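Listed below are the residues making up each chain.
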Amino acid sequence: MNEKEKILYDDGTHKFVMFNFDDEAHEDSFLSVNQYLIVQNGAGVLIDPGSEAIFDELSEAVSRHVDIADIKFIFLSHQDPDVSSSITQWSITTQAKFIMSGLWVRFMSHYGFMELSRIMSLPDRGAKINFGKDYLRFLPAHFLHSPGNFSLYDSRSKILFSGDIGAAIIASPDDYKHVEDFEEHKQAMLGFHKRYMGSNRVCRAWVGSVRKLDIDKIAPQHGFIFEGENVPLFLNWFEELKCGSDFLEELY
Ligand SMILES: [Fe+2]
Ligand SMILES: [Fe+2]
């Protein structure tokens, strides 16, 4: 098994894969990022493929699970460069539709992407699409941290891709990890969430909608996987978190 990839779910017809490719030439200045792939019966959904610097490695790794031509959708949780800046390369090598917030569609041209007709823009309240016998739900995650932002729930694996929510800044994870000691892990999450997330009011709104789902794992774009008792522990922590505009007086 490649150390930069981990199978989070596999029942023979449906697979959820995590990758952790970083720009190793710029390790010191690079924020460690996770990329994800869902495959069902040979059709793929790529999630937050990230930056140009990792395109070659990631596409090679993805092609071991699904033919690149069979990637049907590429989901971009928000507009940030660690999420979206390889959109042009993926548009050339696939026929995929890009799914993203309607707020960011026009900004993609600044990454060199001009084929706006290939974008399925999500309305603020999100959407549900059929995927094989199952469905994918795009859940509002606005202001956590981007104003147009979505999480993605895969009904078959019961994995919630949470984007930057649940992110932890971990110097150089040498392999994939799930959270072991939640109390300890909070220290790796706190600084990021305190500054990058909108406010406690929005944290509560997101947790309220996530609690309606049957979740086995929460998979963030940075850091480690939450599973088992760490799922409710994380949701309880995030629900109570003071962040962003809750600290306005420290910023102005
Ligand atoms: Fe971000
Ligand atoms: Fe990020």
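Attention in this report is confined to the structure presented alongside it.

What counts and how
- Residues numbered from 1 in each chain as written.
- Chains lettered and ligands numbered in written order.
- Predicted model: local features only at pLDDT ≥ 70, side-chain atom pairs only at ≥ 80, totals over all residues.
- Heavy atoms only, no water.
- Helix = DSSP H or I, 4+ residues; strand = E, 2+ residues; numbered from the N terminus.
- Rg over C-alpha atoms; globule rule 2.2 N^0.38 Å.
- Buried < 20%, exposed > 50% of the residue type's maximum accessible area, 1.4 Å probe, protein only.
- Donors = N, O, S within 2.8 Å, 3.2 Å for Na, K, Ca; no water.
- Tetrahedral: all angles 85-135°; square planar, octahedral: opposite > 155°, others 65-115°.
- Axes fitted to C-alpha atoms, helices over the stretch in contact; angles between N-to-C directions.
- Parallel < 35°, antiparallel > 145°, perpendicular 65-115°, else oblique.
- Contact = heavy atoms within 4.5 Å.
- Nonpolar A, V, L, I, M, F, W, Y, C, P; charged D, E, K, R; others polar.
- Pairing = 2+ DSSP bridges.
- Core = buried A, V, L, I, M, F, W, Y, C linked by side-chain atoms within 4.5 Å.

**Let's talk about the overall build of the chain**
- Secondary structure assignment for the chain yields 7 helices and 13 strands.
- The C-alpha radius of gyration of the chain comes to 17 Å, within 12% of the 18 Å expected for a compact globule of 252 residues.
- By principal-axis analysis of the C-alpha atoms, the chain measures approximately 50 × 40 × 40 Å.
- Considering the chain as a whole, with its 252 residues, one finds that 56% of them fall into the buried category.

**Some words on the coordination of the iron ion (ligand 2)**
- Protein coordination at the iron ion (ligand 2) comes from Asp82 (OD), Asp164 (OD), Gln221 (OE1) and His222 (NE2), with a distance range of 2.1 to 2.3 Å.
- The coordination sphere of the iron ion (ligand 2) comprises 4 donor atoms, whose angles at the metal cover 80 to 172°; the geometry is irregular.
- Sequence spacing among the residues donating to the iron ion (ligand 2) works out to D-x81-D-x56-Q-H.
- A gap of 3.5 Å separates the iron ion (ligand 2) and the iron ion (ligand 1), which Asp164 links by coordinating each metal. Of the two residues, Asp164 is situated in the loop between strand E11 (159-163) and helix H4 (182-196) and His222 in the loop between strand E12 (217-220) and strand E13 (226-227); the sequence distance between them amounts to 58 residues.

**Quick notes on the coordination of the iron ion (ligand 1)**
- Protein coordination at the iron ion (ligand 1): the donors are His78 (NE2), Asp80 (OD), His145 (NE2) and Asp164 (OD), at 2.1 to 2.2 Å from the metal.
- Geometry at the iron ion (ligand 1) is irregular, judged from the 4 donor atoms that bind it and their angles of 79 to 171° at the metal.

**Section: unusual backbone geometry**
- The omega torsion of the bond from Leu144 to His145 falls at 5°, within 30 degrees of zero and hence cis.
- Secondary-structure assignment places His145 in the loop between strand E9 (134-140) and strand E10 (150-154).
- Its identity is not glycine, yet Asn41 carries a phi of approximately 45°, on the positive side.
- Along the chain, the position of Asn41 falls in the loop between strand E3 (35-40) and strand E4 (43-47).
- Judged by relative accessible area, Asn41 falls into the exposed class, the value being 63%.

**Some words on the packing of helix H5 (residues 200-210) against helix H6 (residues 230-240)**
- Where H5 meets H6, the axes come as close as 7 Å, and the angle between the chain directions of the two elements is 150°. It follows from the interaxial angle that H5 and H6 lie roughly antiparallel. Of H6, the residues touching H5 (which contributes Asn200, Cys203, Arg204, Trp206, Val207 and Val210) are Phe234, Leu235, Phe238, Glu239 and Glu240.
- Here the contact of H5 with H6 is built from residues that sort into 7 nonpolar, 1 polar and 3 charged.

**Overview of the sheet that holds E12**
- Strand order in the open sheet made by the 6 strands is E8-E9-E10-E11-E12-E13, with mixed pairing throughout. Lying at the two open borders of the sheet, with one neighbouring strand each, are strand E8 (127-131) and E13.
- Bridge analysis of E8 against E9 gives 5 bridges, and the strand direction is antiparallel. Bridged to Lys128 within E9 is Arg137.

**Notes on the nonpolar core**
- Grouped together as the largest cluster of nonpolar side chains are 30 residues, with contacts concentrated most on Leu160, Trp206, Phe234 and Phe238.
- At the level of secondary structure, the elements contributing two or more residues to this core comprise H4, H5 and H6.
- Residue contacts for Leu160: discarding those within four places in its chain leaves Leu139, Ser151, Leu152, Tyr153, Trp206, Val210, Leu213, Ile215, Lys217, Ile218 and Ala219.

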